[in-house]
Structure formats: C-alpha cells, structure tokens
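Architecture at a glance
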Amino acid sequence: MDHSTNSSVHRAEGEAVSTASPRDYFDLMKPRVMTLVVFTAFAGLIAAPTDVDPFLALISIVSLAIGAGAAGALNMAYDADIDATMKRTQKRPVPRGAVSISNAYGMGLVASILSVLMMALAANYLAAGLLAFSIFFYAVIYTMILKRSTPQNIVIGGAAGAFPPMIGWVIATGEISLDAVILFMIIFLWTPPHSWALALYKSGDYAAANVPMMPVAKGAKSTRLQILLYSIVLVVFAGAPVLTGLGGLVYAATSLGGGALFLLLAVRIYKSRAGEAGSAEEGALYAVRAGDKAARDLFAFSIGYLTVLFAALIVEHAFDAYWAVPGVNL
Amino acid sequence: MAPENGSDTTGDNTNDETAPERLDSSGAPASENFGFHHREGQPSGESVSLTEEQLAARKKRNIAIAWSLIGFMVVVFLVTVTRLSQNVGG
C-alpha cells in the first residue's frame, strides 16, 4: 500500500515532524572543519612523492571530507545537551531543534560507512582504515569519553584532527612514512594552544556546560603557561619537514616567520590576564573583553599559521617551487 | 501535540474509510489503519497533518537524498571503471 503521497503520518510520542532542510544536515557536518580537513589532506597528498590519478585523488579527498563531516554529525548528536547550554554552539542544528538527535546519529553513521567504503574503493585499504579509525577516535574516544572527563581532552582528542594530512599522504603512497607522521604531529601539537586560546575567553561557556577544559579545570594561569610550552614545542617541531627534505626554502621561511609570530603571541598570552575573570558572555560569537584580546589574537593567528604552513608545502610540490635548504637536508 | 483519547488532529471522521490520510486511530482494526501501529505494537491514536512548510521541507530532503544516491552510484561506477582501466587495461 502506498502512503507516499499522504499528508498525514504516524508519529512516535514526543517526536516532532521535521522541517529540517538539506542545509541543516549540511551544517551538521561542520563545514568549516571540513574545509581545513580537505586543505590539510590535499597538502599531504600533494607533498607525497607519488603521482596519483587526479580523479581518484578527488574522490578520495571528497570521501575524507564526508567522513570528517560524519564524525562532526556524530559529535553534534552526542553533545546536543552541552551545545544547547553554550552560546558558541547553541545555534547548531540539533540544539535549535532543526534536526533530531536520532536523525543526526543516523546521518553520521550512514555517512561514515559510505565514506570509508568509497575511500577503500578509490584509494586503498590503509587510507580507508585510517579514515574509519579517525572517525571512531573523534566520535567515541574524544566526544563520548575524553571531552567530559579530563582537561587533557583536546590534547589526546587532537589526534583525530591530525589524521587528514597523513590520510592524504597514504592516499598517494599507500604507506605511512616518517614525513606522514611529521605532518600528523604538526597538527597534533598545534591543537592544544589553538583550542586553549579559545577556551580562555570562552571558559564561562565551558564551565556552564560542565566541560573540564583546561581553563575551567586548572585555571587561566596554568592554561597560559601550557599554551606557551606547547607553542614552543610546536614551533620547533614545525621545522622537522625541512630536516627530512619534505619542506624546502619556501616552507622553511614560512615556518620561521610564522613560528616567530606564533611564539610572540604565545608569550603575550602568558604575560596577559586572559581568562582571569571568566569569559566574554555577551555580544558576538567571538567577541571578547579587552583583557582577553591576547587569547583571541592567538586563536585567530593559529588558524592562519597552520594554513600557511600547509600552503607552503602545496606551493613547493604542486607548483615546482621547491628549493632545498642548503646543508640541512638529510 | 498528541491528542488525548485517540482523537485525530485532522478532525476527520474516525470511521471514514475513504479518508486517505487516516493512518492510525485508537481501537481501530489494523485493516482500517493500514497496519500502522505505535512502536510498542499498540495503536497510539496519534496522527498529524503536515503543514505546507513540513511538506516542502520533506520534499527538499527527499530530493537531496535522491541526488546523493544517484551521485554515489555514478561515483562508484566511474571509480570502478577507472580502477579497472588501470589494473586490467594496464
């Protein structure tokens, strides 16, 4: 019997009839995060010393983007309760009621499976396995276990966001090499100062949601110190691609210049009182009080820093602009 | 929200078998409600008429899902052909 044209439907108790648009489901996939995922994965793919069929590479990157989006949907489904209490996240599709939690889970699971299958078909099983593991790591290990239980949540959970360039590399080569691990480590080390800078001026939001981010659990002073320490390690480690020959002069110059500015901003945060008096609860999404300006500046710059680092690799390897740094290539 | 005592939000006559939108009603035989039951297997007495906005949203979602499935099939086909041409065609 066909009810497809029926204007009246059976409805389970407490379940609203959806007015969600495809755009709401797209927003569920955290499109801005997907953009960074695609960009860093593309850098890994381009920097790899193996040619790959452009069409298969494109489909592989799209699969990776969908997989990242699926992980985002699962994250939003699980975190609907805390997203609703945080100003930064309360307009997301689930907390504002556009998409139900069960639908978000459904979409996340279906997109996860399809993206991994497509990756296996278009690239290789190792890339598909890494994609599956990164989705699992983000949705289960980070979102369901770490996020609400430890201030080290984004330190360990940051691994999930570090996989894309490694997967890009594996798409091209079919194996994990030292350079792939270096690209992974750069994002892994970048995540704590990036996330804690945001958390410093949004600590009130996180405290209200009972999320033990570092400023909430250990205080602003400790967080500022850890931001500085991680920044030093990150900036030093960002030079590693030069040592292996993955990065040339363009990368070296970018890494030096960007790293110096990154350290400058990290020192500025350390000396500031950012995060001391709670968060900037009013105003626009990323609006901050004057005291938190140092934290906002580092947060914004950290995105640019990561972008130019990987852009330098793309420029060197895609546009034939690679010149080895004299005397340091192994 | 859900009407009490199994009444219908559409206000239609419960015994009107010609009403195509009647999917479930309290105490009605399965043959009269097209076999649709509450999740627990009991008649829920709930039904709801979709508004124009809800119908339009559902249509958009259906179209998006359809295009996604078509796109997925096309991509699987093209990837398969590409891999075959590389591996078999040499």
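Residues numbered from 1 in each chain as written. Chains lettered and ligands numbered in written order. Predicted model: local features only at pLDDT ≥ 70, side-chain atom pairs only at ≥ 80, totals over all residues.

What follows concerns the overall build of chain B. Secondary structure summary: chain B contains 1 helix and 1 strand in total. Looking at chain B as a whole, 11% of its 90 residues qualify as buried. In chain B, 23% of the contacts between residues at least 6 apart in sequence involve partners at least 24 apart. (Helix = DSSP H or I, 4+ residues; strand = E, 2+ residues; numbered from the N terminus. Buried ≥ 20, exposed ≤ 12 C-beta atoms within 10 Å, placed from the backbone. Contact = placed C-beta atoms within 7 Å.)

Attention shifts here to the overall build of chain A. From N to C terminus, chain A includes 14 helices and 1 strand. Projecting the C-alpha coordinates of chain A onto the three principal axes gives extents of approximately 75 × 55 × 30 Å. Expressed as a percentage of its 330 residues, the buried residues of chain A come to 49%. Contacts in chain A between residues at least 24 apart in sequence constitute 74% of all its contacts with a sequence separation of at least 6.

Let us now look at the domain arrangement of chain A. All names here are of chain A. In terms of domains, chain A is made up of domain 1 (20-175) and domain 2 (177-330). One C-alpha centre belongs to domain 1, the other to domain 2, and the line joining them spans 21 Å. When contributions to the side of domain 1 that touches domain 2 are tallied by element, the ones reaching two or more residues are helix H2 (31-47), helix H4 (80-85) and helix H7 (153-173). The biggest single contributor to the side of domain 1 that touches domain 2 is H7, with 12 residues. Taken together, the residues of the side of domain 1 that touches domain 2 break down into 17 nonpolar, 7 polar and 5 charged. (Domains from an automatic or database assignment. Nonpolar A, V, L, I, M, F, W, Y, C, P; charged D, E, K, R; others polar.)

Below, the discussion takes up the environment of Val62(A). Structurally, Val62(A) can be placed in helix H3 (residues 54-78). Along the backbone, Val62(A) and Pro215(A) are 153 residues apart, and their C-alpha atoms lie at a distance of 36 Å.

Another point: the packing of helix H5 (residues 101-122) of chain A against helix H1 (residues 52-87) of chain B. Interaxial distance between H5(A) and H1(B) falls to 10 Å at its minimum, and their mutual angle equals 20°. Viewed along their axes, H5(A) and H1(B) adopt a mutual orientation that is roughly parallel. In this structure, the crossing between H5(A) and H1(B) has a hand that is left-handed. Between H5(A), through Leu114(A), Met118(A), Leu121(A) and Ala122(A), and H1(B), the contact on the second element is made entirely by Phe72(B), Val75(B), Val76(B) and Val79(B). (Axes fitted to C-alpha atoms, helices over the stretch in contact; angles between N-to-C directions. Parallel < 35°, antiparallel > 145°, perpendicular 65-115°, else oblique. Left-handed = near helix turned anticlockwise from the far one by under 90°.)

Residues and elements named next belong to chain B. Taken residue by residue, chain B gives an average pLDDT of 68. The fraction at 70 or more is 47%. This stretch, residues 1-38, has a pLDDT under 50; its non-local contacts, to residues over four places away or in other chains, come to 64 contacts. As scored by the predictor, the complex reaches a pTM of 0.82 and an ipTM of 0.78. (pLDDT = per-residue confidence, 0-100.)

Further remarks concern unusual backbone geometry. Residue and element names in this part refer to chain A. Of note, Asn210 is a non-glycine position whose phi angle comes to about 60°, a positive value. Here Asn210 lies in the loop between helix H9 (203-208) and helix H10 (214-217). One non-glycine residue, Asp320, lies in the positive phi region at around 55°. The topology assignment puts Asp320 in the segment after helix H14 (293-318). Judged by local crowding, Asp320 falls into the exposed class, with 7 C-beta atoms found within 10 Å.

For any two helices packed against each other, the geometry comes down to the angle between their axes and how far apart the axes lie. Two elements in contact, H3(A) and H1(B), have axes whose closest approach is 10 Å; the angle formed by their N-to-C orientations is 140°. Taken as axis vectors, H3(A) and H1(B) run oblique relative to one another. H3(A) and H1(B) meet at a crossing whose hand is left-handed. Touching Phe55(A), Leu56(A) and Ile59(A) of H3(A) are Val75(B), Val79(B) and Thr82(B), all from H1(B). Each residue belonging to the contact of H3(A) with H1(B) can be placed in one class, and the counts come to 5 nonpolar, 1 polar and no charged.

Glancing now at helix H8 (residues 178-201) of chain A. Its 24 residues place the ends of H8(A) 36 Å apart at the C-alpha level, agreeing with the 34 Å of an ideal helix rising 1.5 Å per residue. The largest bend in H8(A) amounts to roughly 30° and is located at Thr191(A), with the proline Pro192(A) lying one to four residues further along. (Expected span 1.5 Å × (residues − 1). Bend = angle between axes of the 7 residues up to and from the residue.)

Moving on, we get to H14(A). Spanning 26 residues, H14(A) covers 37 Å between terminal C-alpha atoms, matching the ideal 38 Å at 1.5 Å per step. One or two steps after H14(A), the chain reaches Asp320(A), where phi turns positive at roughly 55°.

Here the focus is the confidence of the model for chain A. Residues and elements named next belong to chain A. Of all residues in chain A, 90% have pLDDT values of 70 or greater, and the mean over the chain is 89. A low-confidence stretch, residues 1-14 (pLDDT under 50), is modelled with 30 contacts involving residues beyond four sequence positions or located in other chains. With pLDDT under 50 throughout, residues 278-282 is counted as low confidence; its partners more than four residues away or in other chains account for 14 contacts.

We now examine the nonpolar core. Residues and elements named next belong to chain A. Formed by 104 residues in total, the largest nonpolar core has its most connected members in Ala73 and Ile167. Formed jointly, this core draws a minimum of three residues from each of two domains, domain 1 (20-175) and domain 2 (177-330). Excluding residues within four positions of it along the chain, Ile167 makes contact with Ala41, Leu64, Ala127, Leu130 and Leu131. (Core = buried A, V, L, I, M, F, W, Y, C linked by C-beta atoms within 7 Å.)

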